[in-house]
Amino acid sequence: MMISKELLKGSVKSIVLKVLAEHDNMYGYELTQKIEKISEGSIKLTFGALYPILHKLESDGDVITESETVNNRVRVYYKLTKKGNETARVKIRELMEYINIIQKLIGRDYGLAMS
Amino acid sequence: MDWPCHNLSDEEIKFIRNDVENCGISYSHLEEELIDHICCMVEEYLDEGYNFDAAYSRVKKYISFDTLKDIEIQTLILINKKIQAMKTTLKLAGIIGLVTVAVASAFKILHLPGAGILLTLGIITLTFGYVPVLIFALKREKLLKRSRYLAFTGISAAFLFLISLLFTVMHWPLREYTIYGSWILIFIFLILLFVHILRSEDNRIIHLSLLLFFSVMFILDITLYVLSQNNPRISHLTIESNLDESIGLFDNSIQAIYLDLESVDDEKNKTDITDFREHVEQLIMRIENIKTTLFASRSEQEQFNRKFIKDYSKINIMESEAKDLEKEVNRFRDYLIANADSIPHLNKYISRSIRFGYLEFNNSPPIVYNNLTKLIRDIKIAEFEILNRLNHN
């Protein structure tokens, strides 16, 4: 099942931070592939969604970048900083709590189910 | 994870790079990343057995090159750096401009020097600092696209309105055209705003009250302008004709009394009266001369138009002449009081009405003109009173 943009919007940053926390030095395309694979094809990040967030993380000091020439083109690798690790921890916990609450809200039977 | 094993050739990378570069992305390393990303996507299709052209056209279906620039805009909005700088500039230009205009207005009211320069600086800051940054900011946040014509006329109207203010303050030529131009634009803007409100569903009440506010301001602006154009002309001419009439009446009586007095056979008295008459005539002639120089080399129509009424510079040149006149009027007053033979009410009248401060020249020419005519009338009244007393004796 593909996850809709609307649902994904608020959690892209946390997902990117989580993936970066577990893998050192990743570039944009690699990140999208990784997320797609882990989510078993449910989350396909467009680069319109990915790069603004990566650059925001960079300008906030959560990640640092390193450029490398690979196959005759420049590839930019992202790596979490110390501050970024802390941000990742906070963001992931926040998302987990959110998921729990949503679980409670959606999982509960309010008697709305029609027989 | 299986990474692409087909690598693009230099030409193929160059081809993709060319397409991306055409989008004009300049922020940081975003362009390089997008090129790499697209190359990776193409390489993935190459692995699946497509040739370059087929692979690239498949990628192009997935990503639209028209939206690449949007990624940069989204990035900038998210990072907020340029937007932040823009907002700071907007605030600064707005505050500096408004404060300068306010201070300049205070200067103008208090007649302090430098008001004109300050006002000009303030308006220039608003016109060339605030308005362009505002356009840029609106464009960035894509507010211009939604109602293009409305935004265009609104901004141009504001721009031209500020320009017309500048022209008016500086008394530059063609300022009437800038004023009329701004009126036309404001009028079009109000109509477009009305149409816009009718079309859009939300916030109708707020929009309508805004429209009402703008319309009232607009009508007020035109009314004030028209009133300021007409008023000085009417009042000036009315006062002038009334004064001339009363001076004429006094003059008739005065001439009659002179005839009476001169017919009396008293040599000493005669010389005194001739002396007095000459004294008065000289002073009045002098005042009349100054009145003429006030309007020298101006056609009748020019004398009463708005430009000239506001033209103080002409008067300032006459300051030394005005100071001389002040002295002369004072001297004449003393002379009159000496001749009034200490009759209390006459003395009081003379010392109260025959006075002229050179600072009265700190007015627009028609007002100075009127004041000088009033002075002549007061001198005539005093002359009449004194002669009348002499005649009864």
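Just so we're clear, the structure is a prediction, and the values are computed from it rather than from any experiment.

1. Topic: the nonpolar core
Core analysis: the largest hydrophobic core is formed by 49 residues, its most contacted members being Val16 of chain A together with Ile38, Val42 and Leu68 of chain B. Of all the elements, helix α2 (residues 30–47) of chain B adds the most residues to this core, at 9 residues. In this view, Val16 of chain A contacts Leu31, Ile35, Leu45, Leu50, Leu54 and Leu57 of chain A; residues no more than four positions away in its chain are not counted. Counting 34 residues, the second largest nonpolar core, distinct from the first, contains Ile254, Ile273, Leu283 and Leu346 of chain B.

2. Notes on the confidence of the model for chain A
Taken as a whole, chain A shows an average pLDDT of 88; of its residues, 94% reach a score of 70 or greater. Averaged over each element, pLDDT in chain A is lowest for helix α1 (residues 5–8) of chain A (84) and highest for strand β1 (residues 26–27) of chain A (94).

3. Brief notes about the environment of Leu261 of chain B
In this structure, Leu261 of chain B sits in helix α10 (residues 204–263). Expressed as a C-alpha distance, the spacing of Leu261 of chain B and Asn388 of chain B, which sit 127 residues apart in the sequence, is 9.7 Å.

4. Some thoughts on the interface of chain A and chain B
Chain A puts 27 residues into the contact, and the matching count from chain B is 29 residues. Three residues, Tyr29, Phe47 and Arg73 of chain A, lead the burial of chain A against chain B; their summed loss comes to 31% of the area buried on that side. Inspection of the region where chain A meets chain B yields 3 salt bridges. When the shortest N-O distance is used, the salt bridge between Glu43 of chain B and Arg73 of chain A registers 2.9 Å. Summed over the shared surface of chain A and chain B, the result is 11 residue pairs in polar contact (both at pLDDT 80 or more). For the side of chain A that touches chain B, the secondary structure elements donating two or more residues are α3 (28–38), α4 (47–59) and β3 (73–80) of chain A. With 9 residues, the single largest contributor to the side of chain A that touches chain B is α4 of chain A.

5. Considerations on the pattern of salt bridges
Going through the model one piece at a time under the given rule, you end up with 18 salt bridges over all chains. Residue Asp60 of chain A is joined to Lys56 of chain A by a salt bridge in which the shortest nitrogen-to-oxygen separation is 3.5 Å. A residue is classified by how much of its surface remains accessible, and Asp60 of chain A, at 28% relative accessible area, is partly exposed. Connected through shared salt-bridge partners, Arg73 and Arg75 of chain A together with Asp36 and Glu43 of chain B make up one network.

6. Things to note about the sheet that holds strand β2 (residues 63–70) of chain A
All names here are of chain A. If you trace the 3 strands from one edge of the open sheet to the other, you get β1-β3-β2, paired in antiparallel fashion. Bordering the open sheet on either side are β1 and β2, each of which pairs with just one other strand. The pairing of β2 with β3 spans 8 bridges and is classified as antiparallel. Within β3, the position partnered with Val70 by the bridge is Arg73.

7. Overview of the environment of Glu326 of chain B
Here Glu326 of chain B shows up in helix α15 (residues 319–339). Residues Glu326 of chain B and Glu360 of chain B, 34 residues apart in the sequence, show an inter-C-alpha distance of 9.9 Å.

8. Re helix α11 (residues 267–294) of chain B
In a regular helix each residue adds 1.5 Å, so 28 residues correspond to 40 Å; α11 of chain B covers 41 Å between its end C-alpha atoms and thus fits that length. Taken together, the buried positions of α11 of chain B are Ile273, Phe276, Arg277, Val280, Leu283, Ile284, Ile287, Ile290, Lys291 and Leu294 of chain B.

9. Re the packing of aromatic side chains
All names here are of chain B. Under the defined criterion, the tally for this structure stands at 16 aromatic pairs over all chains. Look at Tyr45 and Tyr50: their rings are 5.7 Å apart centre to centre, the planes differ by 85 degrees, and that puts the pair in the edge-to-face class. Note on Tyr180 and Trp183: the rings are 5.6 Å apart at their centroids and 50 degrees apart in plane angle, and the pair reads as tilted. Taken together, the residues Tyr180 and Trp183, both in helix α9 (residues 175–199) and 3 residues apart, mark about one turn of the helix. By relative accessible area, Tyr180 is classed as partly exposed at 37%. Judged by its relative accessible area of 13%, Trp183 falls in the buried class.

10. What about unusual backbone geometry?
Residues and elements named next belong to chain A. Even without being glycine, Asn25 reaches a positive phi, approximately 50 degrees. Assignment of secondary structure puts Asn25 in the loop between α2 (12–22) and β1. At Asn71, a residue that is not glycine, the phi angle is positive and equals roughly 50 degrees. Following the sequence through the fold, Asn71 ends up in the loop between β2 and β3. Residue class for Asn71 comes out partly exposed when judged on its relative accessible area of 28%.

What counts and how
- Residues numbered from 1 in each chain as written.
- Chains lettered and ligands numbered in written order.
- Predicted model: local features only at pLDDT ≥ 70, side-chain atom pairs only at ≥ 80, totals over all residues.
- Heavy atoms only, no water.
- Core = buried A, V, L, I, M, F, W, Y, C linked by side-chain atoms within 4.5 Å.
- Buried < 20%, exposed > 50% of the residue type's maximum accessible area, 1.4 Å probe, protein only.
- Helix = DSSP H or I, 4+ residues; strand = E, 2+ residues; numbered from the N terminus.
- Contact = heavy atoms within 4.5 Å.
- pLDDT = per-residue confidence, 0-100.
- Buried area = accessible area lost by both parts, 1.4 Å probe.
- Salt bridge = Lys/Arg side-chain N within 4 Å of Asp/Glu carboxyl O.
- Polar contact = N/O pair within 3.5 Å; in protein donor to acceptor, adjacent residues only side chain to side chain.
- Pairing = 2+ DSSP bridges.
- Expected span 1.5 Å × (residues − 1).
- Phe/Tyr/Trp six-rings, centres within 6.5 Å; stacked < 30°, edge-to-face > 60°.

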